[in-house]
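One letter stands for each residue in the lines below.
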Amino acid sequence: MKTFYRSVFISDTHLGSRWCQAQKLVSFLKNVRCERLYLVGDLLESKKAMKTSSWSSSQIEVFNQIHLKSLEGRVVYVPGNHDYCMRDFIGRQFGNLEVQPHAVHRTADGKRMLVLHGDQFDKAVSLSPWVTRLGDLAYNGALWLNLWVNKLRHWLGMSYWPISQFLKHEVKTFIQMLSAFEKLLQREAKRHRCDGVICGHIHRPAINHMGDVLYVNCGDWVESCSAVVEHEDGSFEILYRRDVKKPSFEAKAPFKVTYPAFSEPIPLGLVSMLAE
């Protein structure tokens, strides 16, 4: 039986990346029901989406599950810096799915929550393109290190240790100190007269109060495999998929979906699917 939540928030799935834990995300989406699903940025990798016409079956199935959720309730897609190609569709609505630069979500207990990806408040992204590129290269290097270190740990009979998440956390903490990421989001929530903010971008799931503003970060589906859910009383909770052991390296396959079929490169294929 599917678990019902009033709202579900996911971010940073990075579909199209070899590090995306698409199978885990599909399993999660198949086992939840909700009135509202928020895609809080970096759903896919724009550069890969525009160049490839061959994706893993589980990554395509994520789009199927999103399509199903749009038939069952409301889906709001807020693009981030990695899926910037979808910003061309801001203001468009495809059935019950709408693409917005940000959203204001009202909880069951009346709180107003600003929903946005958060990349515009990260100085590492906004300062210079080469800084962003350098950060991407460092992060990918950490993920490769994570893969081989944990292969060795498995051979030695040791448990999985997300070394890349540890390294990333240390780097991101430094970046947050420079950019005052959370404080800027707090200020933005107040500017929109909201009680809190729900974001992604830094791949670190969190729910905490910053003064009188509630800060919620969805995490990611690369390492944390986390989502934020709103219960029927308006409270928030972080859900994890603790059974993640290693990245999934599936063989690439041509587009093949159950409903509706499409063969165009994403995002064109995604848009045509949502427009059904």
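Residues numbered from 1 in each chain as written. Predicted model: local features only at pLDDT ≥ 70, side-chain atom pairs only at ≥ 80, totals over all residues. Heavy atoms only, no water.

For the protein chain, the name recorded in an unreviewed UniProt entry is UDP-2,3-diacylglucosamine pyrophosphatase LpxH, with Acetomicrobium flavidum as its organism.

Draft legend 1. Structural detail: helix α7 (residues 181–191). Phe181, Leu185, Gln186, Glu188 and Ala189 are the residues of α7 that are buried. Viewed along the axis of α7, the buried residues span an arc of 165°, placing them on a single side of the element. Structural note: α7 exposes Lys183, Arg187 and Arg191 on the side pointing more than 90 degrees away from its buried face. Looking at the residues trailing α7, positive phi occurs at Arg193, about 55°. (Buried < 20%, exposed > 50% of the residue type's maximum accessible area, 1.4 Å probe, protein only. Helix = DSSP H or I, 4+ residues; strand = E, 2+ residues; numbered from the N terminus. Arc of directions from axis to C-beta.)

Draft legend 2. Examining the environment of Lys69 more closely. Its location among the elements puts Lys69 in helix α3 (residues 57–72). Of the residues examined, Lys69 reaches a relative accessible area of 3% and is grouped as buried. Between the alpha carbons of Lys69 and Asn96 there is a distance of 8.8 Å; along the sequence they are 27 residues apart. The contact partners of Lys69, leaving out residues within four places of it in the chain, are Leu29, Val32, Cys34, Leu37 and Val75. Polar side-chain contacts of Lys69 include one of 2.7 Å to the backbone oxygen of Leu29. (Contact = heavy atoms within 4.5 Å. Polar contact = N/O pair within 3.5 Å; in protein donor to acceptor, adjacent residues only side chain to side chain.)

Draft legend 3. View of the packing of helix α1 (residues 22–30) against α3. α3 packs onto α1 with a crossing angle of 20° between their chain directions and a minimal axis gap of 8 Å. Taken together, α1 and α3 sit at an angle that is classed as roughly parallel. The crossing of α1 and α3 is left-handed. Residue-level contacts link Ala22, Gln23, Leu25, Val26, Leu29 and Lys30 of α1 to Ser58, Gln59, Glu61, Val62, Gln65 and Lys69 of α3. In the contact of α1 with α3, the residues fall into 5 nonpolar, 4 polar and 3 charged. (Axes fitted to C-alpha atoms, helices over the stretch in contact; angles between N-to-C directions. Parallel < 35°, antiparallel > 145°, perpendicular 65-115°, else oblique. Left-handed = near helix turned anticlockwise from the far one by under 90°. Nonpolar A, V, L, I, M, F, W, Y, C, P; charged D, E, K, R; others polar.)

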